[in-house]
Amino acid sequence: MDIADKIRFLRTNILNISQEKFAKKIDVTRMTVNNWEQGLTKPNISHITMIALICNVTTDYLINNEEPLTLSVRNITDEEYNLLSQIIEYFKENKSDPNNE
């Protein structure tokens, strides 16, 4: 998936907002967002950083076509981090046991 597809995916599936609202969050015009999503232009590094922050993803995900979706865990509390770790461990344990229902 290229950056145009990723921006469209994040805006529509993760944030579920219009191009206009997304543009306001990044401080660009709706046409700029449209151009990014159409692959006509690419965001500069400051816009990529802003998109990553707004969508809680890594900049690597946006820049690298082969990078899988990676959520960012910036600015979370220790309690939230521990909860996420427990959830991840739960799914790891249940995935490794095919007989576990």
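Residues numbered from 1 in each chain as written. Predicted model: local features only at pLDDT ≥ 70, side-chain atom pairs only at ≥ 80, totals over all residues. Heavy atoms only, no water.

### Things to note about helix α1 (residues 3–15)
Convention followed: A residue's bend is simply the angle between two axes: one fitted to the seven residues ending at it, one to the seven starting at it. Going along the chain from the N terminus, every DSSP run of H or I of four or more residues is numbered as a helix, and every run of E of two or more is numbered as a strand. Between buried and exposed lies partly exposed: a residue is buried under 20% and exposed over 50% of the maximum accessible area for its type, with that area taken using a 1.4 Å probe on protein chains only. A contact between two residues is defined here by any heavy atoms of the two lying within 4.5 Å.
Of all the bends in α1, the greatest, near 25 degrees, is centred on F9. Of the residues making up α1, those classed as buried are I3, A4, K6, I7, L10 and R11. On the buried face of α1, the contacting elements are α2 (19–26), α3 (30–38), α4 (45–55) and α5 (59–63). Of the residues flanking the end of α1, it is N16, one or two places downstream, whose phi is positive at about 55 degrees.

### A look at the confidence of the model for the protein chain
What counts, and what does not: How sure the predictor is of each residue is captured by pLDDT, a score from 0 to 100.
With 92% of its residues at a pLDDT of 70 or more, the protein chain shows a mean pLDDT of 88. The secondary structure element of the protein chain with the lowest average pLDDT is helix α6 (residues 78–96), at 81, and the one with the highest is α3, at 98.

### Some points on unusual backbone geometry
At N16, a residue that is not glycine, the phi angle is positive and equals roughly 55 degrees. Tracing the sequence through the fold places N16 in the loop between α1 and α2. With a relative accessible area of 64%, N16 lands in the exposed category. Backbone geometry at D27 places phi at a positive 65 degrees, although glycine is not the residue there. Structurally, D27 can be placed in the loop between α2 and α3.

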